Amino acid sequence: MQIKQDDLLLVVDLQRDFCPGGALAVTQGDAVIQPINQLATRFEHVVLTQDWHPADHLSFASQHPGRHPYDTIEMSYGPQTLWPDHCIQGSRGAEFHPALHIPHASLILRKGVHREVDSYSAFYENDHQTPTGLAGWVRDRGIRRVFVAGLALDFCVRFTAADGAGCGFQVVVIEDACRPVNLPGSVEATHKQFRSLGLKPATVAQLLAGS
Ligand code: VGL
Ligand code: ZN
């Protein structure tokens, strides 16, 4: 697969809290950083997303007495998984991982900033109605194809890829440049959704080889 000038690399949530030692650590989350740094040099357009919650965000189990991380609750917009406190605005855990090095990235999109609604996707908040503005940014640049990589495969990457396709972009998930949180059934559900949306997977090696 050949990377073109009007392609975008969308790098999802490569933050300290999602890497080993972080508040919501994804197994081997940091293993994707070097490949993504390398891939990013091939893209003219790169966007980084940053999970960026107020300290009292309602996706935090700590805001729901008697509830625990990874429980599911019903919010006004549907089911919501509860998480340990993570990526609090301005905190060390919310910083990009120090090994991430993509100086030419032209947009940093912060999401999950509203207390009442989580935002896994970089395009829409979890109510599936409130846009982040990214679709317009992408369209205005004439970008047609969006490559997605980062953390976590079964949450923010999954919802970003699905919404990107819903916005009319051609979406390619670079699966070996992602790692999952891996809750029961979450990875299987992700693959099933990708298949049903007809999303193309790619590997880092395929892209670097341009084949
Ligand atoms: C994420 C859970 C909560 C992610 C963000 O980046 O996949 N997962 N907030
Ligand atoms: Zn979050």
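Structure: see above.
Here's a quick rundown of the structure. (Residues numbered from 1 in each chain as written. Chains lettered and ligands numbered in written order. Predicted model: local features only at pLDDT ≥ 70, side-chain atom pairs only at ≥ 80, totals over all residues. Heavy atoms only, no water.)

Things to note about the side chain of Asp163
We count it as follows: Secondary structure elements follow DSSP: runs of H or I of four or more residues count as helices, runs of E of two or more count as strands, with numbering from the N terminus. When accessible area is computed with a 1.4 Å probe and restricted to protein chains, residues below 20% of their type maximum are described as buried, those above 50% as exposed, and intermediate ones as partly exposed. When charges are counted, neither His nor the chain ends are considered; positive counts come from Lys and Arg and negative counts from Asp and Glu. Between Lys or Arg on one side and Asp or Glu on the other, a salt bridge is scored when a side-chain nitrogen of the former is within 4 Å of a carboxyl oxygen of the latter. Residues count as neighbours in contact if any of their non-hydrogen atoms are within 4.5 Å of one another.
Take Asp163: it is sitting in helix α3 (residues 153-166). Of the buried charged residues, Asp163 lacks a salt bridge, with Arg158 as the closest side chain of opposite charge at 9.7 Å. Apart from the residues lying within four places of it in its own chain, the contact partners of Asp163 are Ser121, Phe123 and Tyr124.

Quick look at the nonpolar core
Where we set the bar: Throughout this description, the term nonpolar core refers to a set of buried Ala, Val, Leu, Ile, Met, Phe, Trp, Tyr and Cys residues connected via side-chain atoms within 4.5 Å.
Ranked by internal contacts, the top residues of the largest apolar core, which has 62 residues, are Leu134, Val173 and Ile174. In terms of residues, this core owes the most to one element, strand β7 (residues 170-179), which gives 6 residues. Apart from the residues within four sequence positions on either side, Leu134 is in contact with Leu10, Val47, Leu107, Ala122 and Phe123. One finds Ile73, Met75, Leu82 and Val117 within the second-largest nonpolar core, a separate group that totals 7 residues.

Here's the deal with unusual backbone geometry
Residue Ala152 follows Leu151 across a cis peptide bond; omega there is -15 degrees. Looking at where Ala152 falls in the secondary structure, it is placed in the loop between β6 (145-151) and α3. Located in the positive-phi region is Gln28, a residue other than glycine, with phi close to 60 degrees. Looking at the element boundaries, Gln28 is found in the loop between β1 (7-12) and α1 (33-40).

Overview of the coordination of the zinc ion (ligand 2)
For clarity, the cut-off: Ligating atoms shown are N, O and S within 2.8 Å of the metal, or 3.2 Å for Na, K and Ca, and water is not included, meaning a site may look less than complete. Only four donors with every angle between 85 and 135 degrees are called tetrahedral; only four or six donors with opposite donors over 155 degrees apart and all others between 65 and 115 are called square planar or octahedral, in that order; all others are irregular.
Each protein donor to the zinc ion (ligand 2) is listed here as Asp51 (OD), His53 (NE2) and His86 (NE2); together their distances run 2.0 to 2.2 Å. For the zinc ion (ligand 2), the 4 donor atoms in the first shell make angles of 88 to 169 degrees at the metal, a pattern classed as irregular. Each donor residue of the zinc ion (ligand 2) lies on the same chain, and together they follow the pattern D-x1-H-x32-H. Of this pair, Asp51 sits in strand β2 (residues 45-51) while His86 sits in the loop between β4 (78-81) and β5 (107-111), and the two are 35 residues apart along the sequence. Just as Asp51 is buried, His86 falls in that class too.

Considerations on the pattern of salt bridges
Close approach of charged atoms allows side chains of opposite charge to pair. Per the stated rule, a full pass over the model turns up 5 salt bridges. For Glu95, the salt bridge is made with Arg16, and the minimal N-O distance between the two is 3.0 Å. With Glu95 in the loop between β4 and β5 and Arg16 in the loop between β1 and α1, the pair connects residues that are 79 residues apart, well separated along the chain. Residue Glu95 is classed as partly exposed on the basis of its relative accessible area of 35%. Linking Asp51 and Lys111 is a salt bridge whose minimum nitrogen-to-oxygen distance equals 3.0 Å. Of this pair, Asp51 sits in strand β2 while Lys111 sits in strand β5, and the two are 60 residues apart along the sequence. As far as burial versus exposure is concerned, Asp51 and Lys111 are alike and both buried. One connected set of salt bridges, linked through shared partners, spans Asp13, Asp51 and Lys111.

What to know about the site of ligand 1
Basically, it comes down to this: Proximity is defined per residue: if any heavy atom of the residue lies within 4 Å of a molecule or strand, that residue is considered near it. Think of a polar contact as two N or O atoms within 3.5 Å of one another; within protein, one of them needs to be a possible hydrogen donor and the other a possible acceptor, and neighboring residues in sequence only count if both atoms come from side chains. Per-residue accessibility takes into account occlusion by the displayed protein chains alone, with areas from the Shrake-Rupley method and a 1.4 Å probe. Detection works on a 1 Å grid of protein atoms alone, calling trapped sets that fit a 1.4 Å probe cavities and calling open sets with protein on both sides within 12 Å along at least five of seven lines pockets, with lining residues defined by an atom within 4 Å of a point. Any molecule with more than half of its atoms within 2 Å of a cavity's or pocket's grid points is regarded as sitting in that cavity or pocket.
Close to ligand 1 lie Asp13, Phe18, Leu24, Asp51, Trp83, His86, Leu151, Ala152, Phe155 and Cys156, which account for all nearby residues. In the environment of ligand 1, an oxygen atom lies 2.7 Å from a nitrogen or oxygen atom belonging to the side chain of Asp13. Measuring from a nitrogen atom of ligand 1, one finds a side-chain N or O atom of His86 at 3.1 Å. In isolation ligand 1 offers 260 Å² of accessible surface; the protein chains occlude 100% of this area. With respect to the pocket detection grid, ligand 1 is positioned in the largest cavity.

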